[in-house]
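# Structural description and commentary
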Amino acid sequence: MEIQHSIPALREALQGRGRIAFVPTMGNLHDGHLALMRAARAHGDTVVASIFVNRLQFGPGEDFDKYPRTLSADCDKLRAVGVDVLFAPTEQDLYPTPQTFFVEPPDLQHLLEGACRPGHFRGVATVVLKLFNCVQPHTALFGKKDYQQLMVIRGMVEQLALPTRIIGIDTVRAADGLALSSRNGYLSAAERAEAPRLYQTLQSLRQSLAHADLATLPQLERSACANLEAHGWQPDYVTVRQQANLLPPTALDQPLVILAAARLGSTRLIDNLEV
Ligand code: PAF
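Quick summary incoming for the structure in this document. (Residues numbered from 1 in each chain as written. Predicted model: local features only at pLDDT ≥ 70, side-chain atom pairs only at ≥ 80, totals over all residues. Heavy atoms only, no water.)

### Some words on the site of the ligand
Threshold: Near, as used in this document, describes a residue that has one of its heavy atoms within 4 Å of the molecule or strand being considered. Any pair of N or O atoms that falls within 3.5 Å is considered a polar contact. Within protein, one atom must be able to donate a hydrogen and the other to accept it, and sequence-neighbouring residues count only if both atoms are side-chain atoms. Each accessible area value is a Shrake-Rupley result obtained with a 1.4 Å probe; residue values ignore everything except the protein chains displayed when judging cover. Numbered from the N terminus, helices here are DSSP runs of H or I no shorter than four residues, and strands are runs of E no shorter than two.
Around the ligand, the structure places Pro24, Thr25, Met26, Asn54, Gln57, Val127, Val128, Phe142, Asp146 and Gln149. In the environment of the ligand, an oxygen atom lies 2.6 Å from a nitrogen or oxygen atom belonging to the side chain of Gln57. Measuring from an oxygen atom of the ligand, one finds a side-chain N or O atom of Gln149 at 2.7 Å. Against a free-state accessible area of 290 Å², the protein chains account for coverage of 89% of the ligand. Elements that contribute at least two residues to the shell around the ligand include exactly strand S2 (20-25) and helix H6 (120-135).

### Let's talk about the pairing of strand S9 (residues 267-274)
This is how the line gets drawn: Any residue under 20% of the maximum accessible area for its type is buried, any over 50% is exposed, and the rest in between are partly exposed; the area is computed with a 1.4 Å probe on protein chains only. When DSSP finds two or more bridges between a pair of strands, those strands are recorded as paired.
Along S9, 7 of the 8 residues are buried, which leaves the element largely enclosed by surrounding structure. Of the pairings in the sheet, the one linking strand S8 (residues 256-264) to S9 comprises 8 bridges and is antiparallel in character. Paired with Ala261 across the strands is Ile270, a residue of S9. Linking two consecutive strands that pair antiparallel, namely S8 and S9, is a turn of 2 residues; a positive phi of about 60 degrees is found at Gly265 within it.

### Some details on the sheet that holds strand S7 (residues 233-242)
Sheet strands line up and pair through hydrogen bonds in the backbone, either parallel or antiparallel. As a reminder, the rule being used: Note on geometry: axes are lines fitted to C-alpha atoms, helical ones only across the stretch in contact, with angles between N-to-C directions running from 0 to 180 degrees. The criterion used for residue contact is that any of the two residues' heavy atoms lie within 4.5 Å.
Strand order across the open sheet formed by 3 strands is S7-S8-S9, with antiparallel pairing between neighbours. Each of the sheet's edge strands pairs with one partner strand only, and the pair in question is S7 and S9. Recorded for the sheet is a direction-independent mean angle of 10 degrees between the axes of neighbouring strands. Here S7 runs beside S8; their pairing, made up of 9 bridges, is antiparallel. By the bridge assignment for S8, Tyr237 is matched with Ala261. Strands S7 and S8 of the sheet are contacted by helix H10 (residues 217-230), whose axis makes an angle of about 155 degrees with S7.

### Quick notes on the side chain of Glu113
Take Glu113: it is sitting in helix H5 (residues 112-116). Note on Glu113: relative accessible area 7%, which makes it buried. Polar contacts involving the side chain of Glu113 include one to the side chain of Arg268, which spans 2.8 Å. Once residues within four sequence positions are removed from consideration, Glu113 is found in contact with Phe121, Gln148, Tyr237, Ala261, Arg268 and Ile270.

### Quick look at the nonpolar core
The criterion, for reference: Buried residues of nine kinds, namely Ala, Val, Leu, Ile, Met, Phe, Trp, Tyr and Cys, make up a nonpolar core once their side-chain atoms join them within 4.5 Å.
Counting 41 residues, the largest nonpolar core has Leu94, Val128, Phe132, Val135, Phe142, Ile166 and Leu246 as its most contacted members. For this core, the secondary structure elements donating two or more residues are helix H1 (7-13), S2, strand S4 (85-87), H6, strand S5 (139-143), helix H7 (147-159) and S8. With 10 residues, the top contributor of residues to this core is H6.

### Here's the deal with the packing of helix H9 (residues 197-209) against H10
Using the following cut-off: Angles are sorted into four bins: roughly parallel if under 35 degrees, roughly antiparallel if over 145, roughly perpendicular if 65 to 115, and oblique for all others. Helix crossings get a hand from a simple test, with the near helix turned counterclockwise from the far one by less than a right angle marking a left-handed crossing and a clockwise turn marking a right-handed one. The residue classification treats Ala, Val, Leu, Ile, Met, Phe, Trp, Tyr, Cys and Pro as nonpolar and Asp, Glu, Lys and Arg as charged. All others, Gly included, are polar.
The interhelical angle for the contact between H9 and H10, taken along N-to-C directions, is 155 degrees, at an axis separation of 10 Å. In terms of orientation, H9 and H10 fall into the roughly antiparallel class. You can see that H9 and H10 cross each other, and the crossing is right-handed. Here Arg197, Leu198, Thr201, Leu205, Ser208 and Leu209 of H9 lie close against H10, whose contacting residues are Leu217, Leu220, Ala224, Asn227 and Leu228. Across the contact of H9 with H10, the residue classes break down as 7 nonpolar, 3 polar and 1 charged.

Okay, here's the thing in structure tokens:
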């Protein structure tokens, strides 16, 4: 696996490499990331991964400073799944001067995750566009765990006519259902034992939808939150939304997705389940 840090060296390394399948990450790789890398193989002649902890998408008081940086272990994992090129820029490489041009996503950026983390999706969209400009991928793969992120990126690619096909890959879960996430590493042993309740909450809300109507939906969402609270969580939201736009449903036979974000101790976890 070739490792490149600077944009010019990356561009040079990618000359004549055919169609590129790209997986951007912030590192601290787990099996969810590796599933993206394996899937990427089917979509290009060359698989490129990036590792960059993007300051622009973290708000004040979030975990930018403590976000785990594990480059050497990550490189071993990427080699084992056959990634061809790793782009691992420093902040100086990617933001040699302060970034003052931004991609401003539409109102979708202010819902749900965006309401809890103002500016987050603007930071994500900006770095993803910049990484796409560096890598020039034919295809890029993202996990569905970050459901809203995937929608923002799909919208950006469509509206800015970027020549990249976006593929969403199903969330990889631990045996007990917990969605794999780099932030799971922050959980204490007791919190890790409790953490699968987030996915269980989504599953039981999905079951309840079978007997619900639009008028009873808010009550179902409130009881899902109350159940988490009763077990020591601080939920930001548990909500049923339309897959198309993440707005509240106008009918229950639409394609829906249940999304949740909740804090367990000091760790904030997110998950979702399509209906
Ligand atoms: O999902 C992530 O790891 C990040 O948000 C991404 C897409 C790599 C942008 O920094």
